[in-house]
Amino acid sequence: MKKDVEVAILTMEGTNNEEEAYQSFKHSGASPEMIHLKKLENGTKKLSSYDILFFPGGFSAGDYVRAGAVMAARMRSRLMKDLEEFVESGKPVMGSCNGFQTLVELGLIPNVEEKYGLEAALAPNISNRFEARTVYLKISKGHCLFLSEFEDGEIIKLPIAHSEGRFVPKDKKVLEKIVKNGMNVVSYVNQLGNPAGYPWNPNGSESNIAGVCNREGNVLGIMPHPERVFYKYTESDWTRGGGKGGMGNPFFRGALKYSIEKY
Amino acid sequence: MVDLRITVTLKKTVEDSEGGSVLKTLKLLGYDGVKDVRTGKVYFITLTKGTKKTGREFCEKLLANPVINECAVDD
């Protein structure tokens, strides 16, 4: 059993929410470290030294070309082998918002064909607006390790802030495999917990998909920001209701619990 | 020197929300004859060595996601 879980929070020009992610992991009991992409590229830091990898949100490389495309292209050219080894060893990898976009551009999500090819995209929101608010989400936990601390079917609220969040699968086959394998683990719903259109589905995502876990359950990409609501008092309606932890809290507890038990 | 013009657009099957906004605005400006608007990005790239094929590699490795994009290379 590993006592000290080391988390790499990957940064580059334009990423944000790394501080929230750092605090969330730290207050879950892990040892997080912010790592600039350059340090992995020049070999100053090794991905294999860490137990968890987190891709934060924001606008990496200014969102130029496409959200997440520049970061992913840089990683594909120099670090893909390390990244594949990290994922295949079963270590947890999570990306929120821009992190999800990067994971999709890297081919780590959904990866139903297990070839790390491009099987999906996060296209501009159908509303053609930057959508920034709290959304209702339904958890279908499957065997996604980040969701182990939730109840299956639980309805939660998390903040979103994106303009390119419309999940588009490559084709029907990819979508069918995502559904069949229970990889569509987080979905946009209305306040009653039922799938619904805009504004409940803020970006027009196929099948109301807000988050996708890989088949093995150790890579999660999610458009909303769990790290922004680690504590109850950072939730939009924090004066109502009780409870100590915010709704983003279980994502980090789940990853930590898994890492402590497995490694 | 080779000058490339690379145009990246959304596939016809992918809803172009920016194009939709431009279409709506043009109609509001009184242009009733506008039927459809599609948007895209154009990259003007100068190479000291390479060919159109190099441009297509740029599409594959960075400029386009084939799930939603079409990428045309002209020299």
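It should be noted that the structure appears before, not after, this text.
Let me sum up the structure you'll find in this document. Every value quoted in this text rests on a predicted model; they were computed, and no experiment measured them.

1. Comments concerning the sheet that holds strand β3 (residues 69-74) of chain B
Residue and element names in this part refer to chain B.
- Taken in spatial order, the three strands of this open sheet run β2-β1-β3, and their pairing is antiparallel. Looking at the sheet topology across the chains shown, the edges are occupied by β2 (40-47) and β3. Averaged over all neighbouring strand pairs, the angle between strand axes comes to 20°, with direction disregarded.
- Pairing between strand β1 (residues 2-10) and β2: eight bridges, direction antiparallel. Paired with Ile6 across the strands is Tyr43, a residue of β2.

2. Some points on the packing of helix α1 (residues 18-28) of chain A against helix α7 (residues 249-262) of chain A
All names here are of chain A.
- Where α1 meets α7, the axes come as close as 9 Å, and the angle between the chain directions of the two elements is 55°. On the basis of their axis angle, the class for α1 and α7 is oblique. Here α1 runs over α7; the crossing is right-handed. Seen from α1, the contacting residues are Ser24, Phe25 and Ser28; seen from α7, they are Phe252, Arg253 and Leu256.
- In terms of residue class, the contact of α1 with α7 is made up of three nonpolar, two polar and one charged.

3. Quick notes on a positive patch on the surface
- Together, A:Lys115, A:Lys173, A:Lys177 and A:Lys180 make up a region of like positive charge exposed at the surface.
- Note on placement: A:Lys180 falls in helix α6 (residues 172-180).

4. A short note on the layout of surface pockets
- Of the pockets and cavities examined, the largest pocket occupies roughly 550 Å³.
- Lining the largest pocket are 27 residues; nearest its centre among them are A:Val65, A:Pro124, A:Glu164, B:Glu18 and B:Lys41.
- Listing elements by their share of the lining of the largest pocket, those giving two or more residues are α5 (98-106) and β7 (120-123) of chain A together with β1, α1 (17-28) and β2 of chain B.
- Taken as a whole, the second largest pocket encloses approximately 220 Å³ of empty space.
- What lines the second largest pocket is a set of 14 residues, among which A:Val168, A:Pro169, A:Glu206, B:Thr13 and B:Val14 lie closest to the centre.

5. Overview of the nonpolar core
- Formed by 73 residues in total, the largest nonpolar core has its most connected members in A:Leu53, A:Phe55, A:Leu108 and A:Phe251.
- Listed in part, the 11 residues of the second largest apolar core include A:Ala69, B:Ile6, B:Ala64 and B:Val73.

6. Details of the sheet that holds strand β11 (residues 186-189) of chain A
All names here are of chain A.
- Taking strand neighbours across the sheet as the criterion, the nine strands line up as β3-β1-β4-β6-β13-β12-β11-β8-β9 in an open arrangement whose pairing is mixed. Each edge of the sheet is formed by a strand with only one pairing partner; in this case those strands are β3 (31-36) and β9 (155-162). Sheet twist, expressed as the mean angle between neighbouring strand axes with direction ignored, is 25°.
- Pairing analysis gives six bridges linking strand β1 (residues 6-11) to β3, with the strands arranged parallel. The partner of Glu6 across the bridge, within β3, is Ser31.
- Sitting on the sheet, α5 is in contact with β4 (52-55), β6 (93-96), β12 (209-213) and β13 (219-222), with an inclination near 120° to β6.
- Those strands touched by α7 are β4, β6, β9 and β13, and its axis lies near 155° from that of β4.

7. Concerning empty space enclosed by the protein
Residue and element names in this part refer to chain A.
- For the structure on display, the rule yields one cavity of 30 Å³ or more.
- Roughly 40 Å³ of internal volume is contained in the largest cavity.
- Lining the largest cavity are Gly58, Phe59, Asp63, Ala67, Cys97, Gln101, Ala161, His162, Ser163 and Glu164.
- Among the residues making up the lining of the largest cavity, the classes are represented as four nonpolar, four polar and two charged.

8. Focus: the interface of chain A and chain B
- Counting residues at the interface gives 20 residues for chain A, matched by 16 residues for chain B.
- Summed over both sides, the interface of chain A with chain B buries roughly 1,300 Å², with 59% coming from carbon and sulfur.
- In terms of surface lost to chain B, no three residues of chain A exceed A:Val65, A:Arg66 and A:Asn128, which account for 39% of the buried area on that side.
- Across the contact surface, chain A and chain B share zero salt bridges.
- Here chain A and chain B share eight residue pairs in polar contact (both at pLDDT 80 or more) between them.
- When contributions to the side of chain A that touches chain B are tallied by element, the ones reaching two or more residues are α3 (69-78), β7 and β10 (166-169) of chain A.
- For the side of chain A that touches chain B, the per-class residue count stands at 13 nonpolar, two polar and five charged.

9. As for the pairing of β10(A)
All names here are of chain A.
- Burial along β10 is two-sided: Arg166 and Val168 facing one way and Phe167 and Pro169 facing the other are all buried.
- Relative to β10, β7 runs antiparallel, the two sharing four bridges. Bridge pairing in β10 links Ala123 to Arg166.

The rules we used
- Residues numbered from 1 in each chain as written.
- Chains lettered and ligands numbered in written order.
- Predicted model: local features only at pLDDT ≥ 70, side-chain atom pairs only at ≥ 80, totals over all residues.
- Heavy atoms only, no water.
- Pairing = 2+ DSSP bridges.
- Helix = DSSP H or I, 4+ residues; strand = E, 2+ residues; numbered from the N terminus.
- Axes fitted to C-alpha atoms, helices over the stretch in contact; angles between N-to-C directions.
- Parallel < 35°, antiparallel > 145°, perpendicular 65-115°, else oblique.
- Left-handed = near helix turned anticlockwise from the far one by under 90°.
- Contact = heavy atoms within 4.5 Å.
- Nonpolar A, V, L, I, M, F, W, Y, C, P; charged D, E, K, R; others polar.
- Patch = residues over 30% accessible without salt bridge, like charges linked within 9 Å, V, L, I, M, F, W, Y side chains within 5 Å.
- Areas by Shrake-Rupley, 256 points an atom, 1.4 Å probe, with all protein chains shown as cover.
- Salt bridge = Lys/Arg side-chain N within 4 Å of Asp/Glu carboxyl O.
- Lys, Arg positive; Asp, Glu negative; His and termini not counted.
- Charge placed at Lys NZ, Arg CZ, Asp CG, Glu CD.
- 1 Å grid on protein atoms, 1.4 Å probe; cavity = no way out; pocket = protein on both sides within 12 Å on 5 of 7 lines; lining within 4 Å.
- Points joined across faces, edges and corners; volume = space filled by probe spheres on them.
- Core = buried A, V, L, I, M, F, W, Y, C linked by side-chain atoms within 4.5 Å.
- Buried < 20%, exposed > 50% of the residue type's maximum accessible area, 1.4 Å probe, protein only.
- Buried area = accessible area lost by both parts, 1.4 Å probe.
- Polar contact = N/O pair within 3.5 Å; in protein donor to acceptor, adjacent residues only side chain to side chain.

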